[in-house]
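# Chains, contacts and geometry: an overview
The lines below spell out each chain.
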Amino acid sequence: MQLFYNQNIEADTKQFTFPKDESRHIVKVLRKQVGDILNITNGKGYLFKAEITISDQKNCVVTIIETTLQQPLDYTLHLAVAPTKMNDRYEWFLEKATEIGITSITPIICDHSERKIIKAERFEKIIQSAMKQSLNCYYPILNPAMSFKEYCNQDFSGDLYIAHCEETDKKSLKSQVKPNTEITILIGPEGDFSVKEINTAIQNKFIPVTLGQTRLRTETAAIVACHSVAFINE
């Protein structure tokens, strides 16, 4: 099944007109014609089965013939992950986390961060593509980048964890995660969190955890954390 995405379709929408760029892609590139069926999501859990009624490169119009609501994840997972030095590594993380299952992501700028600027528009495209490829009808939220200090000044709920490499008392993430819960995990940059940041997180009730026996790259650590939570919830 090929999945299309448009955030402007609502649950009660009966007819929808795609914007010019999407219309051109559907009609000219994919060669879709009147009577063809499209599967569309709005990223809010809804899957729409729609029939093309006007096949025009400038205004492709569809009629919704069936609407279903996809079951959401049994848990919520928020990952706050420092940007990697190479953008493609962070993009890989975004793609795989979306495929595995994640609720929201926040890029956090840390003391040891080598990259402090992110390409939000590019990241959104990666997430959207991964969502469609995995036939997932829930669009993970990409929050604006913020400093570690700014991030920790928020009000938190659910279970909170920070994965770091310092030789201190840490629990195994897999031993701590409980199914059907709200979870937030902090993942640091290539140089790890600073001692000051670790202490700040602990003061804000984040539990220090380890992700395994070996030292992992930022993007690998984020995926291990994401998969661990998904595995516990299977």
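Residues numbered from 1 in each chain as written. Predicted model: local features only at pLDDT ≥ 70, side-chain atom pairs only at ≥ 80, totals over all residues. Heavy atoms only, no water.

Another aspect to go through is the packing of helix H2 (residues 87-100) against helix H7 (residues 218-232). Following both chains from N to C, one finds H2 and H7 inclined at 5°, their axes separated by 9 Å at the closest point. Taken together, the axes of H2 and H7 lie roughly parallel to each other. Residues Arg-89, Trp-92, Phe-93, Lys-96, Ala-97 and Ile-100 of H2 form the contact with H7, whose participating residues are Glu-219, Thr-220, Ala-222, Ile-223, Cys-226, His-227 and Ala-230. Within the contact of H2 with H7, the residues separate by chemical class into 8 nonpolar, 2 polar and 3 charged. (Axes fitted to C-alpha atoms, helices over the stretch in contact; angles between N-to-C directions. Helix = DSSP H or I, 4+ residues; strand = E, 2+ residues; numbered from the N terminus. Parallel < 35°, antiparallel > 145°, perpendicular 65-115°, else oblique. Contact = heavy atoms within 4.5 Å. Nonpolar A, V, L, I, M, F, W, Y, C, P; charged D, E, K, R; others polar.)

The tally for this structure, following the rule as stated, stands at 0 disulfides. Free of any disulfide, Cys-137 has its nearest cysteine sulfur in Cys-226, 18 Å distant. Classification of Cys-137 by relative accessible area gives buried; the value is 2%. Between Cys-165, a cysteine without a disulfide, and Cys-110, which holds the nearest cysteine sulfur, the sulfur-to-sulfur distance is 12 Å. (Disulfide = S-S within 2.5 Å. Buried < 20%, exposed > 50% of the residue type's maximum accessible area, 1.4 Å probe, protein only.)

Counting residues in each nonpolar core, the largest one holds 33 residues, and the members touching the most others are Leu-77, Leu-79, Phe-93, Leu-94, Ile-105, Ile-185 and Ile-187. Where this core is concerned, the elements lending two or more residues are strand E6 (76-81), H2, helix H3 (120-133), strand E10 (159-163), strand E12 (182-187) and H7. If one sorts the elements of this core by residue count, H7 sits on top with 7 residues. (Core = buried A, V, L, I, M, F, W, Y, C linked by side-chain atoms within 4.5 Å.)

On to the sheet that holds strand E3 (residues 37-41). If you trace the 5 strands from one edge of the open sheet to the other, you get E1-E3-E4-E5-E2, paired in mixed fashion. The open sheet has two edge strands with one neighbour each: strand E1 (3-5) and strand E2 (15-17). Pairs of neighbouring strands in the sheet enclose a mean axial angle of 40°, with direction left out of account. Two strands pair when backbone bridges link them, and strand E4 (residues 46-54) and strand E5 (residues 61-69) are joined in this way by 8 bridges, in the antiparallel orientation. Note that in E5 the partner of Lys-49 across the bridge is Glu-66. (Pairing = 2+ DSSP bridges.)

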